[in-house]
Amino acid sequence: MQNAGSDDDLLEWYPSQVKGPVDDEVQEADLISTIEFNENGELLAVGDKGGRIVVFQREQQTKTSPRRNEYNVYITFHSHEPEFDYLKSLEIEEKINQIRWLKRKNPAHFLLSTNDKTVKLWKISEKTKRAEGFNLRDDNGIIRSTNSITNLRIPIIKPMELMVEATPKRVFSNAHTYHINSISLNSDQETFLSADDLRINLWHTEVTNQSFNIVDIKPPNMEDLTEVITGAEFHPRECNLFVYSSSRGIIRLCDMRQSALCDRHCKIFEEPEDPTTRSFFSEIISSISDIKFSHSGRYMLTRDFLNLKVWDLQMDNRPVETYPIHEYLRTKLCALYENDCIFDKFECCWSPRDNHLLTGSYHNLFKITSRLTRKDAIFEASREQAIRPRQLLKAKKVMPSARRNRRDEINTDTLEFSKKILHCAYHPTDNIIAIATAHNLFTYIAKDSSSLSS
Amino acid sequence: MASGDVQSDESLYPIAVLIDELRNEDVQLRLNSIKKLSTIALALGVERTRSELIPFLTDTIYDEDEVLLALAEQLGTFTQLVGGESYVHVLLPPLESLAQVEETIVRDKAVESLRTLAPQHSTTDLETYFVPTVKRLAQGDWFTSRTSASGLISVCYARVSNHVKGELRQLFKSLCQDDTPMVRRAAAAKLGEFAKVVEPEYLRQEFVPLFTNLANDEQDSVRLLAVEAGIAMAGLFRHEDLEQQMMQTLRSATEDKSWRVRYVVADKLVDLQKAVGPEITKNDLVGAYSSLLKDPEAEVRAAAASKLKDFCNNLSADTREQIIMSQILPCVKDMVGDMNQHVKSALASVIMGLSPILGKDNTLEHLLPLFLNQLKDDYPEVRLNIISNLECINEVIGVRQLSQSLLPAIVELASDAKWRVRLGIIEYMPLLAGQLGPEFFDEKLSSLCMSWLTDHVFAIREAATNNLKKLVEKFGRDWAQNTVIPKVIQLARDQNYLYRMTCLFAINILAEPCGQEITQRMMLPTVITLAGDAVANVRFNVAKTLQRIYPVLDSSALAMHVKPCLEKLTQDVDHDVQYFASEAYEKIIEAL
């Protein structure tokens, strides 16, 4: 394992903010289930198990505070409610599985949010004006008698205190038999896909009463089922391309130009299994838990239980880069299987210039990897550090021989599997990252990186 | 127009309510108020409408979409209410802000209203007010305003000075090259319309390159809209120019990598054919069409197949037969055995249209085997589509040629497991009856028509009774008396009360075409007997039937049979029976 020195291109991070409850005795509904920056990173949406979405806004630039790294609550709203499917006698959880921001089209912001069954389009808008003056009431709200109306009054528009509203614009429902795991917007900015375990549907953002099934891997007989879809994403620029990942560690690339139904992929990305490491758990740990296109559109990043892999779209027989995340867990798979942790779905993300990768692990650890030097650094998301924002994060080492008196070393036997970082997000242009532990959202900002673009 | 101030207090009140409800919490009330905006404006008078109401409306764009939609629509009709055409420009600001909201239908409605208002501007006002509005929209920060601008340029172009014309063309050009696909799509959709009002010299210099760019856009959704623009533009060129300027791009669209683009080409092929004329059709489109018929994507083949008849009809008469026989028919022959049922069913719905074009001999030799093949297709929809178009072929070779294959196909469809298919075939029965004649019909099909009366799906039983009525109208009363009525009456003795009710429903419908004598002699006794039925539903349907058929009966029958029967039913133990019986009874007493 490499240490994070200052001589390589790995960034050093300052803790910035912690959001969420302080004590650990918190409610199940507060569990963070997804986080997502918008197109320019000015907004950060966080969804939770209780169906709520909190949107944070980056501090506005002012003369007194030119550095704008803090995120403050912009609006909180309830996106999904628990429902009951009477036909199938199934409870539908309100948990927000994913949030995707639309490209901005007018002063308002739009986002898609989904639970297991239903995708919703929300509009988040600001109101700064208000109409005043009624005919039947006077300015104090007292009703005027009919006789005293001698003149018609047209309301006058007056400025008022900023009010942020979230309005549900559309509901895309009744198209998924299984649980939706991902939604992704197309670069044409009018269509999006929604993927469940066995099918992928294509929607138009303005049409709720029809969707087209573009992938269906459901075998005629469910006993023949060998894999499920674990994630799907559109290419950032080529409107016709999308990929979906499977529980067998396979990625399929489909071209919507070829035919209306994309059951037949045009490219399949699969790494031949290494016979030396084969075990009972091989199949489970090869399942891809997240897939992301790089900003350039040239590469794909996938996360399975133990590794991050970078795939080149031009090369389908193996990943171009493989980064073990917590190789020390390979000997603990049995325990992880027994406590179900082996099925945890870790997310992964690209840095703005595609040169760094971010993903999470157990014990509230997260790892940032440089693709250039192949060096990486493990940090712990903890409240103690976050309250000292002037101090750089210290990298941790995880090893079997860790000494107790060393604070930067963690013994593999003392790892807490109940603390895990499944959700993370990287700012689209700046070196700011958002990390979710169970209930808390941490933001970190890199040293000397007020903005990459400048 | 009266001003608000001089009206009495009484008449002000409803208007005051309307104005206040523009801001009611309840969307429905706001909507009602917006829909009565003209009433408010009328009460305010033109002055105050211009100076107060319109500015207020300009700022109310924070409302629900349906309210905004209604507002956008209203404003398009507001010219008189703001003081006529010389003041029409005051309506531009609210519409301009509505043309920028995120909801497409609202923007489209605002654009539509702006398009209605444009011609009402004087030439000066057009340049002072309308054109600047268009410019602001076209250069707006958000794509929503820029998409709206693309629909407004063409409506003011013709009436502005050459200098402004140049600016507008430049604006449109920048919209065609916008960063966002939405704006490029909007521009592509309006390109054809704008091309029609532009001077010919610019058409070639500026518009052809725009079209070529859009037709080669990286986004599928832009390219497919460019195809439609291309069709509109093609109609504006003379033959040689067309070939030189546009055909290469249009040809490449028929071979686009994306099936969606090819689908649009297939879907708009007949329009394209009309736009490019016979010569290019012969040289280019026929080849393109036959490759679309063989497209790897089923959606494209289905769209192409559905254009078969129209495309062939529009071929120039001298070469039509030869082209169809040598180039198109071979594709069609392959298509009959297509893997995809939608393709086959699209083909089946138009293939019969070829026979009048090709004449008797070709039909017998080439088409008939295809028809017969399709009549045996696995998918009921294919068979149904063939049967529903029998008319075309009847005119050419007579339906008898088909009857041997037709019959098994009909019998099979008649007992298809899907009730919608059965419903489909029932609807064609009267048509088939007319073409096949009563003897053939009696022999082969009448028993089918009767069996539908006892179908287990109500919609089929209902359709079956309607079918009987049409057959009786076609074949006459004697036929009804000998074939239909005995079978209907038989139903009255069925074990199942639903069938006994079907008997009544059939009588409801048959009474009128059968006339007084048959109704009274054959059907009325059955109805009266059913009045003693054990099931209440049957009994109250007797009352309903009597109420329905009494105009056909003479007064003695009414007095002797119907009246006593209804009297008895009004004393029934069941409330519903009493109700319907007394309703019928009153009607009949009136008639007596």
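On a predicted model such as this, the values are computed, not experimentally measured, just so you know. (Residues numbered from 1 in each chain as written. Chains lettered and ligands numbered in written order. Predicted model: local features only at pLDDT ≥ 70, side-chain atom pairs only at ≥ 80, totals over all residues. Heavy atoms only, no water.)

Glancing now at the overall build of chain A. The helix and strand inventory of chain A stands at three helices and 32 strands. Dimensions of chain A along its principal axes, counting C-alpha atoms only, are 95 × 60 × 45 Å. Per-residue burial for chain A yields a buried fraction of 53% across its 454 residues. In chain A, the share of contacts with a sequence separation of at least 24, taken over all contacts with a separation of at least 6, comes to 54%. For chain A, the accessible area works out to roughly 21,400 Å², and carbon and sulfur atoms hold 48% of it. Averaging the positions of the 60 positive and the 66 negative side-chain charges in chain A gives two centres separated by 5 Å. (Helix = DSSP H or I, 4+ residues; strand = E, 2+ residues; numbered from the N terminus. Buried < 20%, exposed > 50% of the residue type's maximum accessible area, 1.4 Å probe, protein only. Contact = heavy atoms within 4.5 Å. Areas by Shrake-Rupley, 256 points an atom, 1.4 Å probe, with all protein chains shown as cover. Lys, Arg positive; Asp, Glu negative; His and termini not counted. Charge placed at Lys NZ, Arg CZ, Asp CG, Glu CD.)

To continue, consider the packing of aromatic side chains. All names here are of chain A. Throughout the structure, instances matching the rule amount to 33 aromatic pairs over all chains. When the centroid spacing of 6.2 Å and the interplanar angle of 55 degrees are considered together, the rings of Phe305 and Tyr362 count as tilted. Highlighted residues: Phe305 in the loop between strand E21 (299–303) and strand E22 (307–312) and Tyr362 in the loop between strand E25 (356–360) and strand E26 (365–370), separated in sequence by 57 residues. Tyr362 sits in the buried class, given a relative accessible area of 1%. Here the aromatic rings of Phe366 and Phe379 are separated by 5.8 Å at their centres, their planes lie at 45 degrees, and the arrangement is tilted. Residue Phe366 is located in strand E26, and its partner Phe379 is located in strand E27 (residues 376–380); the two are separated by 13 residues in the primary sequence. For Phe366, a relative accessible area of 0% gives the class buried. With a relative accessible area of 3%, Phe379 lands in the buried category. Members of the aromatic cluster, joined through ring pairs, are Phe280, Phe281, Tyr337 and Phe343. (Phe/Tyr/Trp six-rings, centres within 6.5 Å; stacked < 30°, edge-to-face > 60°.)

Glancing now at the interface of chain A and chain B. With 42 residues of chain A in contact, the opposing surface of chain B contributes 41 residues. Here chain A meets chain B over a buried area of about 3,800 Å², counting both sides, of which 54% is carbon and sulfur. Its largest share of buried area at the contact with chain B, chain A owes to Leu152, Ile154 and Arg257 of chain A, together 21% of the area lost on that side. Of the charged contacts, one joins Arg170 of chain A and Glu103 of chain B as a salt bridge, the two residues approaching to 2.0 Å between their closest N and O atoms. Summed over the shared surface of chain A and chain B, the result is 16 residue pairs in polar contact (both at pLDDT 80 or more). Looking at the side of chain A that touches chain B, the elements that each hand over two or more residues are strand E10 (119–132) and strand E11 (156–172) of chain A. Sort the elements by how many residues they give to the side of chain A that touches chain B and E10 of chain A lands first, with seven residues. For the side of chain A that touches chain B, the per-class residue count stands at 13 nonpolar, 13 polar and 16 charged. (Buried area = accessible area lost by both parts, 1.4 Å probe. Salt bridge = Lys/Arg side-chain N within 4 Å of Asp/Glu carboxyl O. Polar contact = N/O pair within 3.5 Å; in protein donor to acceptor, adjacent residues only side chain to side chain. Nonpolar A, V, L, I, M, F, W, Y, C, P; charged D, E, K, R; others polar.)

It is worth spelling out unusual backbone geometry at this point. All names here are of chain A. Phi is positive for Asn174, close to 60 degrees, though the residue is something other than glycine. With respect to the element layout, Asn174 can be found in the loop between E11 and strand E12 (182–185). When its relative accessible area of 78% is taken as the criterion, Asn174 is described as exposed. Backbone geometry places Asp354, a non-glycine residue, at a positive phi of 65 degrees.

Time to look at the side chain of Asn411 of chain A. Residues and elements named next belong to chain A. The topology assignment puts Asn411 in strand E29 (residues 409–411). At 3.2 Å, the side chain of Asn411 and the backbone oxygen of Pro400 are in polar contact. Within polar-contact distance, the side chain of Asn411 engages the backbone nitrogen of Asp413 at 2.8 Å. In this structure Asn411 touches Met399, Pro400 and Ala402, once residues within four positions along its chain are discounted.

Right, let's talk about the packing of helix H4 (residues 65–75) of chain B against helix H6 (residues 104–117) of chain B for a bit. How two helices pack is summed up by the angle between their axes together with the distance between the axes. Residues and elements named next belong to chain B. Relative to each other, H4 and H6 sit at 5 degrees, their axes nearing to 8 Å. With respect to H6, the axis of H4 lies roughly parallel. Where H4 abuts H6, its residues Asp65, Leu68, Leu69, Ala72, Glu73 and Leu75 lie against Ile105, Val106, Lys109, Ala110, Ser113 and Leu117. (Axes fitted to C-alpha atoms, helices over the stretch in contact; angles between N-to-C directions. Parallel < 35°, antiparallel > 145°, perpendicular 65-115°, else oblique.)

All names here are of chain A. One open sheet holds the four strands; their spatial order is E1-E32-E31-E30, and the pairing between them is antiparallel. Each end of this open sheet is capped by a strand with a single partner; those strands are strand E1 (13–19) and strand E30 (423–426). This sheet shows a mean twist of 20 degrees between the axes of neighbouring strands, independent of strand direction. Relative to strand E32 (residues 441–446), strand E31 (residues 432–436) is paired through five bridges, and the arrangement is antiparallel. (Pairing = 2+ DSSP bridges.)

Moving on, we get to the pattern of salt bridges. All names here are of chain B. Under the criterion given, the structure shown has 61 salt bridges over all chains. Lys135 is the salt-bridge partner of Glu167, the closest N and O atoms lying 2.6 Å from each other. Linking Glu167 in helix H10 (residues 162–176) with Lys135 in helix H7 (residues 123–138), this pair joins segments that are 32 residues apart in sequence. Among the ionic pairs, Arg422 bridges to Asp455, the shortest N-O distance being 2.9 Å. Note that Arg422 is positioned in helix H26 (residues 419–436) and Asp455 in the loop between helix H28 (446–451) and helix H29 (458–475), a separation of 33 residues in sequence.

Below, the discussion takes up the sheet that holds strand E16 (residues 229–234) of chain A. Residues and elements named next belong to chain A. With antiparallel pairing, the four strands of this open sheet are ordered in space as E16-E17-E18-E19. Each edge of the sheet is formed by a strand with only one pairing partner; in this case those strands are E16 and strand E19 (267–269). Neighbour to neighbour, the strand axes of the sheet diverge by 20 degrees on average, direction disregarded. The pairing of E16 with strand E17 (residues 241–246) spans five bridges and is classified as antiparallel. Note on E17: the bridge partner recorded for Glu233 is Val243.

Bringing the environment of Thr502 of chain B into the picture now. Residue and element names in this part refer to chain B. Its location among the elements puts Thr502 in helix H31 (residues 497–530). Sequence-distant contacts of Thr502, that is, excluding residues within four places in its chain, are made with Leu453, Arg461, Thr465 and Leu491. In this structure the side chain of Thr502 is engaged in a polar contact, spanning 3.4 Å, whose partner is the side chain of Arg461.

When pLDDT is averaged across chain A, the result is 89; 94% of the residues are at 70 or more. For residues 1–7 of chain A, every residue scores under 50 in pLDDT, and the model assigns this stretch 15 contacts once sequence neighbours within four places are set aside. (pLDDT = per-residue confidence, 0-100.)

Our focus in this paragraph is the packing of helix H20 (residues 317–335) of chain B against helix H22 (residues 354–375) of chain B. Residues and elements named next belong to chain B. Closest axis-to-axis distance for the H20/H22 pair is 12 Å, and the angle between their directions is 35 degrees. Where H20 crosses over H22, the two elements pack in a sense that is right-handed. Here Arg320, Glu321, Ile324, Met325, Leu329, Val332 and Lys333 of H20 come into contact with H22, specifically with Leu354, Ile357, Leu358, Asn362, His366, Leu367 and Leu370. (Left-handed = near helix turned anticlockwise from the far one by under 90°.)

Residues and elements named next belong to chain A. For strand E3 (residues 43–48), the tally of buried residues reaches six of six residues, placing the bulk of the element in the interior. Burial along E3 is two-sided: Leu43, Ala45 and Gly47 facing one way and Leu44, Val46 and Asp48 facing the other are all buried. Pairing analysis gives five bridges linking strand E2 (residues 32–37) to E3, with the strands arranged antiparallel. Looking at E3, one finds that Ile35 is bridged to Val46. In sequence, E2 turns back onto E3 through a hairpin of five residues, with Gly41 there showing a positive phi of about 80 degrees. Two strands pair when backbone bridges link them, and E3 and strand E4 (residues 52–58) are joined in this way by five bridges, in the antiparallel orientation. Of the residues in E4, the one forming a bridge with Leu43 is Gln57. In sequence, E3 turns back onto E4 through a hairpin of three residues, with Gly51 there showing a positive phi of about 80 degrees.

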